[in-house]
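# Examination of the molecular architecture
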Amino acid sequence: MRKPVIAGNWKMYKTISESVETAIALKPLVANANHCEVVIAPVFTSLKTVADRLEGSNIKIAGQNCAPEKEEGALTGEVSPVMLRDAGASLVIIGHSERRQFFAETDGMVNRKVKAAVTSDLTVILCMGETLEQRDKGQAEQVVRGQLEGGLNGLTASDMSRIIIAYEPVWAIGTGRTATPEQAQEMHAFIRRVFAQRHSEDAAQDLRILYGGSVKPDNIAGLMKQTDIDGALVGGASLKAESFGEIVNYKR
Ligand code: PEP
């Protein structure tokens, strides 16, 4: 039985005090959410303060990115997986389409980050998804297969328990245009099949695959009814405690 994960990606929004305010408002709204894991990913500067304020709650903390090196080094501007753990994070989002698009992150770089993160005992939310142009050209599955295989290249069977996939079609992120539950289900089932071929059927059955792309309180329940959708990675609608709380407490 896969436990769903509902994760909020706060992107580059919120000062420290705004982050704390949202986190504290969220806490009681999701306190009884035993049906899923609740995760928020604040900006680096807010991580430690938010993690401290949420200690003892059922809300987990994620970084939004990490360095491709595990511990430390001469890498100006980077934050390592070990440093994320030190700040209170237990997960990290890697390979978000905004990183791929605006910071030229390749599958090779994503793979190095994934390896650094899993060896630092972080759970990775590995993001992938096709652009509208790729979908229109009929290349969606090929693109997602490449990102899945590239991102997980060289990982061991035991690393797989630290991997969560987020399928986020680029055309649905921040656009208000959600994939239909059927479109999302189709790609999630494909990801699970590819994962089973590459790893094992058992590992594929345990793999949590989240959907991301304009998830809102009014479309989450339909998405969560799909067999292969195991949660959501939420951007815009996670910035307000009330709407994120409603998403976490979707009608089951
Ligand atoms: C995201 O950034 O991961 C995302 C899914 O954003 P939004 O929910 O705003 O589309």
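These notes cover the structure that comes with them. What you are looking at is a predicted structure, and each value in this text was computed from that prediction instead of being measured.

As a further point, take the packing of helix α1 (residues 16-30) against helix α11 (residues 241-248). How two helices pack is summed up by the angle between their axes together with the distance between the axes. Between α1 and α11, the shortest axis-to-axis distance is 9 Å and the interhelical angle comes to 30°. By the criterion of interaxial angle, the relationship of α1 to α11 is roughly parallel. As α1 packs across α11, the resulting crossing turns out to be right-handed. Contact with α1, carried on its side by T22, A25, L26, L29 and V30, involves A241, E242, F244, G245 and V248 of α11 and no other residues of that element. Of the residues belonging to the contact of α1 with α11, the class tally is seven nonpolar, two polar and one charged.

A general feature of soluble globular proteins is that nonpolar side chains tend to end up buried together. By size, the foremost hydrophobic cluster in this structure holds 66 residues, and its most contacted members are I6, I40 and I163. Element by element, the count of residues in this core is highest for helix α8 (residues 181-198), at seven residues. In contact with I40, not counting residues within four places along its chain, are G8, W10, A23, L26, V50, L54, I59, K60, I61, A62 and F244. Membership of the second largest hydrophobic core comes to 13 residues, among which are V5, A62, I164 and A166.

For S214, the position within the fold is in the loop between β7 (208-212) and α10 (220-224). At 2.8 Å, the side chain of S214 and the backbone nitrogen of G176 are in polar contact.

Here we come to the pattern of salt bridges. In total, this model carries 15 salt bridges according to the counting rule given. In this structure, E105 and K113 form a salt bridge, with 2.6 Å as the shortest nitrogen-oxygen distance. Judged by relative accessible area, which is 8%, E105 ranks as buried. Of the residues examined, K113 reaches a relative accessible area of 3% and is grouped as buried. Here the salt bridges do not stand alone but share partners, grouping R2, R192, D228 and D230 into one network.

The next point concerns the site of the ligand. Taken together, the neighbourhood of the ligand is formed by 14 residues, with K11, E168, G174, S214 and G235 sitting nearest. G174 places a polar main-chain atom, nitrogen or oxygen, 2.6 Å from an oxygen atom of the ligand. Between S214 and the ligand, the recorded distance is 2.8 Å, taken from a backbone N or O atom to an oxygen atom. A class-by-class count of the residues in the shell around the ligand yields four nonpolar, eight polar and two charged.

Here eight strands make up a closed barrel; going around it, the order is β1-β2-β3-β4-β5-β6-β7-β8 and the pairing parallel. Recorded for the sheet is a direction-independent mean angle of 25° between the axes of neighbouring strands. Sheet topology places β7 next to strand β8 (residues 231-234); two bridges connect them, and they run parallel. Bridging across to β8, G212 finds its partner in L233. Its contacts with the sheet put α1 on β2 (37-41) and β3 (59-63), and the angle it makes with β3 is roughly 135°. α11 contacts β1 (5-9), β2 and β8 of the sheet and is inclined by roughly 160° relative to β1.

What follows concerns the packing of helix α7 (residues 140-152) against α8. Contact geometry of α7 with α8 gives a least axis separation of 10 Å together with a crossing angle of 45°. The angle between α7 and α8 places the two elements in the oblique class. The crossing of α7 and α8 is right-handed. Each of A140, E141, V144, R145, L148, E149 and L152 in α7 lies in contact with α8, whose residues at this interface are M187, F190, I191, V194, F195, Q197 and R198. Class assignment of the residues belonging to the contact of α7 with α8 gives a composition of nine nonpolar, one polar and four charged.

Cut-offs used in this document
Counting from 1, residues in each chain are numbered in the order their sequence is written. pLDDT decides what is reported in this predicted model: residues at 70 or higher carry local features, side-chain atom pairs at 80 or more are listed and counted, and totals for whole chains, interfaces and linings draw on all residues regardless. Only heavy atoms go into the side-chain values, all of them from the structure, while hydrogens and water stay out. The axes used here are C-alpha line fits, helices contributing only the stretch in contact, and every angle between their N-to-C directions lies in the interval 0 to 180 degrees. Strands are runs of DSSP state E lasting at least two residues, helices are runs of H or I lasting at least four, and both sets are numbered from the N terminus onward. These descriptions rest on fixed angle ranges, namely under 35 degrees for roughly parallel, over 145 for roughly antiparallel, 65 to 115 for roughly perpendicular, and the rest for oblique. Here a crossing is called left-handed whenever its near helix is offset anticlockwise from the far helix by less than a right angle, and right-handed whenever the offset is clockwise. When checking whether two residues touch, look at their non-hydrogen atoms; a contact exists if any pair is within 4.5 Å. Charged residues are taken to be Asp, Glu, Lys and Arg, nonpolar residues to be Ala, Val, Leu, Ile, Met, Phe, Trp, Tyr, Cys and Pro, and polar residues to be all remaining types, Gly included. What makes a nonpolar core is a set of buried Ala, Val, Leu, Ile, Met, Phe, Trp, Tyr and Cys residues whose side-chain atoms join them at distances within 4.5 Å. Between buried and exposed lies partly exposed: a residue is buried under 20% and exposed over 50% of the maximum accessible area for its type, with that area taken using a 1.4 Å probe on protein chains only. Polar contacts here mean pairs of N or O atoms no more than 3.5 Å apart (in protein, one a potential hydrogen donor and the other a potential acceptor; neighbouring residues in sequence count only if both atoms are side-chain atoms). A pairing counts as a salt bridge when a side-chain nitrogen of Lys or Arg comes within 4 Å of a carboxyl oxygen of Asp or Glu. Think of it this way: one heavy atom of a residue within 4 Å of a molecule or strand is enough to make that residue near it. Strands are labelled as partners when DSSP assigns at least two bridges between them.

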